[in-house]
Amino acid sequence: MLALRLARRELRSGVRGLWIVLLCLVLGVAVIAAVGSLRAATDRGLAEDGRRILGGDLEVESGSQPLPDELRQWLRARGATLSDVVRMRSMLVAPSGERQLVELKAVDPAWPLVGHAVTTTNTPPPLAGGGWGEGAQPPRQSIATQLANRGLFAEQVVLDRLGLHPGDTVRLGNTIFTIRGALISEPDRVAAPLILGPRVLISTDALPSTGLVVPGSMVRYAIRATVPGPAAVIAAIPLAFPNQGWRIRDPHSAAPGVTRFMDQTSLFMTLVGLTSLLVGGIGVANGVRAWLDARARTIATLRCLGGSARLVLAVCLIQVMALALGGIAIGLAAGALGPMALADALKGVLPVPPVPGFYPGPLLLAAAYGLLTALAFSLWPLGRAACIPGAALFRDALLPERTRPARGLLLATATLAGCLIALTVATSADRRFALWFCAAAIVTLVVFRLGGALLVMAARAGTRLGSATGRLGLGNLRRPGAATPAMLISVGLGLSTLAAVALINGNVQREIAEQLPANAPSFFFIDIQNSQLSRFETLVRQQPGVRDLQQVPSLRARIVAVNGVPADQVHATPETQWALRGDRGLTYAATPPPGTRIVAGSWWPAGYDGPPLVSFDADLARGWGVHIGDTIRVNVLGRDLDLKIASLRNIAWQTLSLNFVLVASPGLLQHAPHSHIATVRVAGPDQGRLLRVVTDALPNVTGIRVQDVLAAVAALLGQVAAALTATGSLTLAVGVLVLAGTVAAGQRRRIQQATILRTLGATRRQIRTAWMVEFGVVGIAAGLIAAAIGSLASYAIAHWLMHIEWVLLPGALALTLIGALAMMLAFGYVGTAAALRAKPAAMLRNE
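Everything numeric here is computed off the predicted structure, so don't read it as measured data.

**Some words on the overall build of the protein**
Counting its regular elements, the protein contains 26 helices and 21 strands. By the burial criterion, 51% of the 847 residues in the protein qualify as buried. Across the protein, every contact between residues at least 6 apart in sequence was considered, and the portion connecting residues at least 24 apart equals 82%. As presented, the protein carries roughly 37,800 Å² of accessible surface, and 61% of it is formed by carbon and sulfur atoms.

Dropping the structure here:
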């Protein structure tokens, strides 16, 4: 109670020296709270709109095989209302001859079962104009009616690119369609970047006439249903139709891609927030230390009057935690209100619109992070000050005591740090990645701390310099109580984050801009039928500028089991789980394709005609824990096949050549209905002519221009890089805040030093130069260490997570070094100007 009364009385006079503690915690906690609240709001949006996004209570997708009528009858017998949806890619050809790659979606008259599609022909007009009115449902059959008689809706970007308007005609495969209007939104489609083409909507009745659906086509069939008791029906489907390899989804798994995207985004943003809190923790320690320095006389007087170390610790800890709780509360308020305020703006950015609301779970988690950080970083300086005898405190500024906190406080600090790491790992979507992050953060702190110690040791060599200002500036780095390590850490951590982001982005852009165009084909042509293959090859080889033509058989297969374990139960690493979802490309070959790099096992002998064998991707094999001789069961055209692994291959996906995860032995598969896929390299001026010739002669064949895909990917990566840089800048912002607090904490000493030097005859220019030398050396050291750490971090991410070639980019690192130097010099100049404005006479009289 005595400690509480003393702390309360001191708090009345304000906590001027602890503002850095408040601001650091506010920013770090606000980031984590905002990310958690936004994730919770998006999850709620998925939960509430799951039926709309899925298109019903359940969806059964079969991949490239049409679903049987027996399934439809079975579902209708249980009271289900059904809707069929078919999706594929094709070429839309305008009367002018211009063509556009599109994602084709064919729907039946019952579509959509949930929600409604919005087009330019059924958008609700304003209330003043009559009609449906804002928020009302347009007539359900309006879309179906307009799609009848070969009607077509296309996204506005398609109409703009091809110069089309409602009422114009276009060709899709072998059939002419009439454009009814622009497609604005679909209820069963989440927001996604347009990589392989915008959407076109037609009727399922018109799809057969197009000639696009032929054996082996890259097409996806699905049935959506609204049904009473959907959970029981979903559980009964595999029992009624065993060994089908169908993908059955409910509203909770309506958008697994969105869930994975949000998992990864929230993981990254939370780790950015934790890095900000980590840097802020340094600010907490520095702020507490500076506050204790300002109160040294008060604490010393209290100790000399008989106050125990425990009493002093309690008084100071109560004050610090009172302010920390205030900072955490402000951060929580900002984190909770931020997503609400930005809800409308985020609707067009996130795949699923977030549902604004108050989400206590993420706020409690952010508060726990903030509280653990405040305690872990403040106990050490508080414990040290409490253990120093009163008399020693009076001279601690000039002759620091080599005192450590009591053993109990050291144990408490270690326990709090362990709890912070455990909380980070336990609440992360990817615990292994979070554990590596924590380990890297600890190593980074140790490296910067050692760098600070080495810099102080190296500064001793400055006594040999001939310049007096240089000796003085380097001497400041090693003076008693110098904040050299703290300044190094506060600047370096944020710069390390930005350096890593810059190098990762630079390497990805380099992979796309430099390597891929040199190796990539000009076109991918898909859905080439066996009967069309010879004509396709003849047409291509007759065109000018064609340099290379390669083709392979192509089938669609779904992996249903690995060594007898169902695909959805395989313990795969996060980066290899993608191959267990949806259809995969499958081909067969008697001999190894060009460029094959076998790393284990061997290819089957020439003329092999035994049980099916497969050459498998080595990276996926490591992620799944499979080896030579293991079995992968795939579903091809509704039939399950067991493929025994004969060899493992390293696949260079970045070359964009004809690579397949699964390359099977000939025999059984070559007699199955399938199509072919081909790559062609052709000179730029002749690309348009080649595409027109092939798709006019073979309307069912789809040509994908690689250059357009790469441009879309590059634009998307540019947006991602901007987002990464903006979020990484949060860490740097906290570092700048900590640096400002560190400079402010040492301002009194700088004023004293400037007063003495000016009294002894030093000019303002000499003093300013000395201090700029001090800050400049710290900036260069911070930039060099940040460049090294950023390089290592970017290499690890590029090599082990992104699987791309990594090269050192000196330009990005030079920007890091220049940024560190400029930041330190700016703060040094501001601090110098403030210290030189102080009047020497007043300082001399008072001290």
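**Details of the nonpolar core**
Within the largest apolar cluster, 71 residues are counted, with the highest numbers of intra-cluster contacts made by L292, L332, L382, F448, V491 and L739. Among the elements that make up this core, the one with the highest residue count is helix α13 (residues 360–387) (twelve residues). Apart from residues lying up to four places away in sequence, L739 is in contact with M487, S490, V491, M823, M824 and F827. The next biggest cluster of nonpolar side chains, apart from the first, holds 34 residues, and it includes M91, L533, L658 and A678.

**Re a positive patch on the surface**
Together, R5, R8, R9 and R12 give the surface a local cluster of positive charge. Along the chain, R12 turns up in helix α1 (residues 2–12).

**A short note on the packing of helix α23 (residues 747–759) against helix α25 (residues 810–837)**
Remark: α23 packs on α25, axes separated minimally by 9 Å, with the N-to-C direction vectors making an angle of 60°. In terms of their interaxial angle, α23 and α25 are classed as oblique. Helix-helix and strand crossings are classified by hand; for α23 and α25 the assignment is right-handed. Of α25, the residues touching α23 (which contributes Q747, R750, I751, A754 and R758) are G831, A834, A835 and L836. In terms of residue class, the contact of α23 with α25 is made up of five nonpolar, two polar and two charged.

**Quick look at the pattern of salt bridges**
Summed over all chains, the structure comprises 18 salt bridges. Ionic pairing is found between R51 and D57, a salt bridge with its closest N-O pair at 2.6 Å. A salt bridge links D642 to R633, with the shortest nitrogen-to-oxygen separation between them at 2.7 Å. On the accessibility criterion, R633 (34% relative accessible area) is partly exposed. Put simply, E59, E103, K105, E186, D188, R199, R224 and R249 are held in one network by salt bridges that share partners.

**Some words on a nonpolar patch on the surface**
Nonpolar side chains collect at one region of the surface, where L337, M340 and F358 lie side by side and expose about 320 Å² of accessible area between them. Judged by relative accessible area, which is 33%, M340 ranks as partly exposed.

**Description of unusual backbone geometry**
Omega for the bond connecting W111 with P112 falls within 30 degrees of zero, at -5°, which places this linkage in the cis form. Mapped onto the elements of the fold, P112 is located in the loop between β3 (99–107) and β4 (118–119). Backbone geometry at N149 places phi at a positive 60°, although glycine is not the residue there. Take N149: it is sitting in the loop between α5 (142–147) and β5 (151–155). Note on N149: relative accessible area 72%, which makes it exposed. The backbone phi angle of D527 is positive, close to 65°, even though this residue is not glycine. Mapped onto the elements, D527 comes out in strand β11 (residues 523–529).

**Quick word on the packing of aromatic side chains**
Enumeration over the complete set of coordinates arrives at seven aromatic pairs. Look at F616 and W624: their rings are 5.2 Å apart centre to centre, the planes differ by 45°, and that puts the pair in the tilted class. Comparing F616 with W624 shows no difference in burial state: the two are buried. Note on Y795 and W806: the rings are 5.6 Å apart at their centroids and 85° apart in plane angle, and the pair reads as edge-to-face. With Y795 in helix α24 (residues 764–801) and W806 in the loop between α24 and α25, the pair connects residues that are eleven residues apart, well separated along the chain.

**A few points about helix α16 (residues 431–459)**
Between its terminal C-alpha atoms α16 stretches 42 Å, which fits the 42 Å expected from 29 residues at 1.5 Å a residue. Of all the residues in α16, the buried ones are A434, C438, A441, T444, L445, F448, G451, G452, L455, V456 and A459.

**A short note on the side chain of R99**
On the secondary structure map, R99 appears in strand β3. In terms of polar contacts, R99 uses its side chain to reach the side chain of D696, at 3.2 Å. Non-local contacts of R99, meaning those with residues more than four positions away in its chain, are made with M91, L92, V93, L162, R171, L691, R692, T695 and D696.

**Here's the deal with the environment of R199**
Within the secondary structure layout, R199 lies in strand β8 (residues 199–203). Along the chain, R199 and K105 lie 94 residues apart, while their C-alpha atoms are 7.1 Å from each other. Contact partners of R199, with chain neighbours within four places excluded, come to R87, E103, K105, F153, A154, E155, L183, E186 and R189.

**Some words on the pairing of strand β9 (residues 219–226)**
Each regular strand displays side chains that alternate between the two surfaces of the sheet. Of all eight residues making up β9, seven are buried, and the element is well covered by its neighbours. Where strand β1 (residues 58–63) and β9 come together, five bridges link them in antiparallel fashion. Paired with E61 across the two strands is A222, which belongs to β9. As paired elements, strand β2 (residues 81–93) and β9 share eight bridges and run antiparallel to each other. The residue bridging R87 from the neighbouring strand is R220, located in β9.

**Some points on the pairing of strand β18 (residues 639–650)**
Relative to β18, strand β15 (residues 597–601) runs antiparallel, the two being bridged by four bridges. Paired with G601 across the strands is S647, a residue of β18. For strand β16 (residues 613–617) and β18, the ladder comprises five bridges, and the chain directions are parallel. For D617, the partnering residue across the bridge sits in β18 and is R649. Bridge count for strand β17 (residues 631–636) against β18 is six bridges, and the pairing is antiparallel. Pairing of R633 across the sheet is with D642, part of β18. The turn joining β17 and β18, which pair antiparallel and follow one another in sequence, is formed by two residues; a positive phi near 55° is taken by L637.

How each quantity is defined
- Residues numbered from 1 in each chain as written.
- Predicted model: local features only at pLDDT ≥ 70, side-chain atom pairs only at ≥ 80, totals over all residues.
- Heavy atoms only, no water.
- Helix = DSSP H or I, 4+ residues; strand = E, 2+ residues; numbered from the N terminus.
- Buried < 20%, exposed > 50% of the residue type's maximum accessible area, 1.4 Å probe, protein only.
- Contact = heavy atoms within 4.5 Å.
- Areas by Shrake-Rupley, 256 points an atom, 1.4 Å probe, with all protein chains shown as cover.
- Core = buried A, V, L, I, M, F, W, Y, C linked by side-chain atoms within 4.5 Å.
- Patch = residues over 30% accessible without salt bridge, like charges linked within 9 Å, V, L, I, M, F, W, Y side chains within 5 Å.
- Salt bridge = Lys/Arg side-chain N within 4 Å of Asp/Glu carboxyl O.
- Lys, Arg positive; Asp, Glu negative; His and termini not counted.
- Charge placed at Lys NZ, Arg CZ, Asp CG, Glu CD.
- Axes fitted to C-alpha atoms, helices over the stretch in contact; angles between N-to-C directions.
- Parallel < 35°, antiparallel > 145°, perpendicular 65-115°, else oblique.
- Left-handed = near helix turned anticlockwise from the far one by under 90°.
- Nonpolar A, V, L, I, M, F, W, Y, C, P; charged D, E, K, R; others polar.
- Phe/Tyr/Trp six-rings, centres within 6.5 Å; stacked < 30°, edge-to-face > 60°.
- Expected span 1.5 Å × (residues − 1).
- Polar contact = N/O pair within 3.5 Å; in protein donor to acceptor, adjacent residues only side chain to side chain.
- Pairing = 2+ DSSP bridges.

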